[in-house]
Amino acid sequence: LSTSLSPAVVCEAPFGAVLVELGAAHPELVVLSADLANYTDVLPFADAYPERFIQVGMAEQNMMGIAGGLAKTGLLPIAVTYGVFATRRAYDQVAMALATGPSRGIVVAFLPGITTPFRATHQAIDDLALMRALPGMTVIDPADATEVAAAVRAAVAHDGPVYMRGQRGSVSQLFNPDGFTLTIGEPRVVREGTDVALAATGLGTQWALEAADVLAQRDVDAAVLHAPTLKPLDGDTVAAFCSRFGVVTTVENHSTIGGLADAIAAVVTDRGLETRIVRLGVPDRWAEAGSLAHIRARLGLAADAIADAAERSA
Amino acid sequence: VTTVGELTLTERAHRIRRTVLRMCAGRGQGYAGQGLALAELMAALYFHELREHDHFVLSTGHSAIAVFAALHERGMYELDELETYGMDDSRIEESPLEGTPGFEITGGSLGQGVSQAVGMALGERVQRTDSRVYCLVSDGELQEGQVWEAAMAAGHHRLDNLVVLIDNNRMQADGATADVMTVEPVPDKFAAFGFHALRVDGNSFDELLAAFDEARSIRSKPTALVCETLPGKGVPSFEVYEKVHYVRAEPAVWQRALDELG
């Protein structure tokens, strides 16, 4: 395997830790919050660098504009809020203030997909689609604590605007953080297999790996391609993976419209591959309220349901 | 860089107006009303008030014509190029994006510039500079809620390095501002958000320069200057033209306007 999977480990507030780390090396880094500092793990940064933490109140559109203004003075802003507010509410502001360049900023968006019990108001199920559509925007959905930290490092080093999803609090660690780097644009095979294929991003990759374990118990050997970056997405790697299989089942913590499924399907159709895509994710309706396990079950995203879908389609 | 050359501010404003008309004459259309209305404000900013490291933020992207004309006076653009205003392949866009020389932000998606100006003022404060930020918005833009989010933040953070200039031209796309959606009393509203707010004649250098001086003396508060301007100012037939928000006209009309301006 190209990436070693460490045992089930939980990492506390990886986003806050990496912000503090980067804040020391990057005096140009500023972090903004729209009244969600307590809920997005940015307080360690605010405590360490109070002059570089900017509270803008409950006003996400204004936050994106302020971030853009900070960037014009030579600072590197990281605007932090929930995904629904960063995208649906402040879409034009992200586009105009942070993405028309040459200055740039980073948006980190929490409560990705169905990871919140509040339904349409808080579940960001269309954020990746919206951000993928912005010219020049890099879009990252990290799978675990290691990738959350690595994605922030990659975003800070990247020459262009970045939208990334965050995970807060106790975050699962799938990948060994030692020497780990996230290369923007590069998907990678995180589990080799020959019978069925899953392609996933973000939390969807955890679900896909769970499904692969279920399939292994059924003597079905599943391969899992993980694409932490949805845009850009290296077509050669995707095509090489997809062309090995007749069917690839995509798994994402997002609508099946406009996210990973469409990004993979674009590669498949652009290159004339014969692979069929089966899309798992949030279907074209608002998801349920409740616990993550409950919502996953309702949407057919529990591990055994993903395994069933992959096995059925193969 | 803000040395006043041999020309007076009044002469600068006059030259800005002539440039605005010649820019519109190139393609036969443009935001002439705003360009003419803002000539004194642009001259006051670019030949008196702005220093090397200060920022000018154009929120009202549609008023770029006035900025281009002022930047021509500063030697940044040649008149030949400005006459390609709004034409295909020209970088003299009617509403330019960030990166166009002289334009620090992408304005024009109205209501967003004050937020970016607040960000710049905060950024300069974080970096302990004495740079000041001047942001031009229009009265119609005040209908965008984000302006008031930004005003709230500017007041809260006590940004005394920020001056918001409101081009109170009393017109917007669908008609008179007062008919479309009332924005007055503008100074009271900004004052309520923590600004030092005053109303000035935006076509009077005496009032503009005094207001800039006053703004610089204010501590712990941003300043809002509500600049009363006359669309089409300086061209009598434009001053009374009801469609002066955006003017499309034959070459003879633009020549007549230049003649009226003198």
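Here's a quick rundown of the structure. Worth saying up front: this structure is predicted, and the values here are computed from it rather than measured. (Residues numbered from 1 in each chain as written. Chains lettered and ligands numbered in written order. Predicted model: local features only at pLDDT ≥ 70, side-chain atom pairs only at ≥ 80, totals over all residues. Heavy atoms only, no water.)

With respect to the overall build of chain A
We count it as follows: Each helix is a run of H or I in the DSSP string that is no shorter than four residues. Each strand is a run of E no shorter than two, and both are numbered from the N terminus. Two things to know: the radius of gyration comes from C-alpha atoms, and the globule rule equals 2.2 Å times the number of residues to the power 0.38. Buried, partly exposed and exposed residues are distinguished by accessible area as a fraction of the type maximum, computed with a 1.4 Å probe on protein chains only: under 20%, between the cut-offs, and over 50%, respectively. Residue contacts are defined here by distance: any two heavy atoms, one from each residue, within 4.5 Å place the two residues in contact. Shrake-Rupley sampling with a 1.4 Å probe provides the accessible areas, and residues are treated as covered by the protein chains on show and by no other component. This count recognises Lys and Arg as positive and Asp and Glu as negative, with His and chain-terminal groups excluded. Lys charges are placed at NZ, Arg charges at CZ, Asp charges at CG and Glu charges at CD.
Broken down by element type, chain A carries 12 helices and 14 strands. Against the compact-globule benchmark of 20 Å for 314 residues, chain A has a radius of gyration of 19 Å, which places it among compact chains. Each principal axis of the C-alpha distribution contributes one length, and for chain A these read about 55 × 40 × 35 Å. For chain A, the proportion of its 314 residues judged to be buried stands at 62%. Contacts in chain A between residues at least 24 apart in sequence constitute 78% of all its contacts with a sequence separation of at least 6. Roughly 11100 Å² of accessible area belongs to chain A as shown, and the carbon and sulfur atoms make up 53% of that amount. Computed over 22 positive and 34 negative side-chain charges, the inter-centroid distance for chain A is 5 Å.

Regarding the sheet that holds strand β7 (residues 196-201) of chain B
Residues and elements named next belong to chain B. The test is simple: Being paired, for any two strands, means DSSP has found at least two bridges between them. Only the stretch in contact is used when fitting a helix axis, every axis being a line fitted to C-alpha atoms; angles between N-to-C directions are given from 0 to 180 degrees.
Here we have 5 strands laid out as an open sheet, ordered β2-β3-β4-β8-β7, and parallel in their pairing. Across the chains shown, the open sheet's two edge strands, defined by having one partner strand only, are β2 (55-58) and β7. On average, each strand axis in the sheet is inclined to that of its neighbour by 20°, with strand direction left out of account. Its contacts with the sheet place helix α3 (residues 39-49) against β2, β3 (133-138), β4 (162-168) and β8 (223-228), and it is angled at close to 175° to β3.

A look at the packing of aromatic side chains
Using the following cut-off: Between 30 and 60 degrees the pair is tilted, below 30 it is stacked and above 60 it is edge-to-face, where a pair is any two Phe, Tyr or Trp rings, Trp via its six-membered ring, whose centres lie within 6.5 Å. Here, over-ring charges are defined by two tests on the NZ atom of lysine or the CZ atom of arginine: distance to the ring centre within 6 Å, and angle to the ring normal within 35 degrees.
Following the criterion strictly, the structure yields 14 aromatic pairs over all chains and no others. Ring centres 4.8 Å apart and planes at 55° place the aromatic pair Phe68 of chain B and Phe103 of chain B in the tilted group. Residue Phe68 of chain B is located in helix α4 (residues 64-73), and its partner Phe103 of chain B is located in the loop between α5 (79-82) and α6 (113-126); the two are separated by 35 residues in the primary sequence. For Phe68 of chain B, a relative accessible area of 0% translates into the label buried. Relative to Trp254 of chain B, the ring of Phe238 of chain B has its centre 5.6 Å away and its plane inclined at 85°; by these criteria the two rings are edge-to-face. Residue Phe238 of chain B is found in helix α11 (residues 236-239), and its partner Trp254 of chain B is found in helix α12 (residues 251-261); the two are separated by 16 residues along the sequence. An aromatic cluster is defined as three or more aromatic residues linked by ring pairs; in this entry it consists of Trp148, Phe190, Phe193 and Phe195 of chain B. If you follow Arg52 of chain A out to its NZ or CZ, it ends over the ring of Tyr49 of chain A, 4.4 Å from the centre.

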